[in-house]
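# Reading the structure
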Amino acid sequence: MDEDTFFLGIAFGLGIISIPSPKDIFFIKMCVLRRGLLSMAFVAVASDAFLIAAGALLFGMTSEISAVGMSIRVLAVFYIVYLFLSIDRKGLSVDAVGSDRLRGDFLRMGELSLANPYSWIDTVVFLGGMAAVSTHPVSFISGAIVASVIWFVALMFVFGWLLSESMRESVYKYLPMFAKIILPIILCVLVIEIYSILKEP
């Protein structure tokens with residue numbers, strides 16, 4: 001384990017993973033509702049670990065990072081539009097009851113973690129790509145995974161345990177509005193990135 005590369009992975013991981021995403025919004029909702037906090041955090045971190053390792057493996061076998069990144073960004077545009085159109089007063093998911101609610105929560109977290117092309121940009125393209133070109137890829141991947149743990153534990157601590165009941169209710173109330181603001185911003189950034197890639201010689 002190379003310590004410098006490990007801490008570099010933590011630094012880059014925190015810088016990239018902490019950028020607001022649909023998965024973060026949904027995780028905050030689960031924290032506010034105090035539903036399956038540890039389980040949801042585990043799913044979020046495990047999915048990041050899987051995608052970062054997959055990205056390092058993929059880019060270790062091919063140098064076509066820009067082409068793969070372009071394809072993922074195009075998919076992400078359509079996915080973000082779909083998410084924006086699906087927002088209602090409940091946020092990014094509809095609340096069910098009983099066991100259906102728990103199963104629905106895990107399915108939604110799984111979708112936003114593994115089947116979300118926007119998450120692939122952060123994990124597969126950026127962190128996986130950086131791990132692939134690192135002289136110590138395992139150390140970099142380990143650091144990035146630790147960064148994911150730090151990020152989601154921090155969200156869980158703040159929104160699940162630190163906030164008062166009234167503050168959690170306010171956060172829950174305004175989450176859909178926040179999603180309606182952040183998703184168009186994400187969409188604009190993706191379109192600009194795609195345009196920049198297309199303009200490259």
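Each remark here, short or long, concerns the structure printed above.
We now turn to the structure provided with this report. Here the residue numbering is sequential within each chain, running from 1 through the sequence in written order. Totals for whole chains, interfaces and linings use every residue, but because this is a predicted model, local features are given only for residues with pLDDT of at least 70 and side-chain atom pairs only at 80 or more, for both listing and counting. Excluded from the side-chain calculations are hydrogens and water; all other atoms, namely the structure's heavy atoms, are used.

## Quick notes on the pattern of salt bridges
The test is simple: Salt-bridge detection follows one rule: a side-chain nitrogen of Lys or Arg within 4 Å of a carboxyl oxygen of Asp or Glu. Under the scheme used here, helices are H or I runs from DSSP no shorter than 4 residues and strands are E runs no shorter than 2 residues, and both carry numbers assigned from the N terminus. When a residue's accessible area, from a 1.4 Å probe over protein chains only, is under 20% of the maximum for its type it is buried; when over 50% it is exposed; and in between it is partly exposed.
Within this structure, the stated rule accounts for one salt bridge. Its salt-bridge partner being Asp48, residue Lys23 comes within 2.7 Å of it at the nearest N-O pair. Of this pair, Lys23 sits in helix α2 (residues 22–33) while Asp48 is found in helix α3 (residues 37–61), placing the two residues 25 residues apart along the sequence. Look at Lys23 and you get buried, because its relative accessible area is 3%. Overall, Asp48 belongs to the buried group, its relative accessible area being 3%.

## Re a nonpolar patch on the surface
The criterion, for reference: Patch membership requires over 30% relative accessible area and the absence of a salt bridge. Like charges are linked within 9 Å, and nonpolar side chains (Val, Leu, Ile, Met, Phe, Trp, Tyr) within 5 Å. Each accessible area value is a Shrake-Rupley result obtained with a 1.4 Å probe; residue values ignore everything except the protein chains displayed when judging cover.
On the surface, Leu38, Phe157, Val158, Trp161 and Leu162 cluster together into a nonpolar patch covering about 520 Å² of accessible area. Broken down by element, the nonpolar patch gets its largest block of residues, four residues, from helix α7 (residues 137–162). Its location among the elements puts Trp161 in helix α7. Residue class for Trp161 comes out partly exposed when judged on its relative accessible area of 46%.

## Considerations on the side chain of Asp24
The line we're drawing: Residues scored as charged are limited to Lys and Arg (positive) and Asp and Glu (negative), so that His and the chain ends carry no count. A contact between two residues is defined here by any heavy atoms of the two lying within 4.5 Å.
Take Asp24: it is sitting in helix α2. One buried charged residue, Asp24, forms no salt bridge at all, with the nearest opposite charge on Lys23 at 6.0 Å. Residues within four places of Asp24 in sequence aside, it is in contact with Ile17, Ile19, Trp151, Phe152 and Leu155.

## Thoughts on the packing of aromatic side chains
Inclusion rule: Classification of ring pairs rests on two measures: the distance between centres of Phe, Tyr or Trp rings, Trp counted by its six-membered ring, which must be within 6.5 Å, and the angle between planes, read as stacked under 30 degrees, edge-to-face over 60 and tilted in between.
Under the counting rule described, the total for this entry stands at three aromatic pairs. Ring geometry for Phe12 and Phe140: centres 6.4 Å apart, planes at 40°, overall tilted. In this pair, Phe12 is assigned in helix α1 (residues 3–17) and Phe140 in helix α7, connecting sequence segments 128 residues apart. Residue Phe12 is classed as partly exposed on the basis of its relative accessible area, which comes to 37%.

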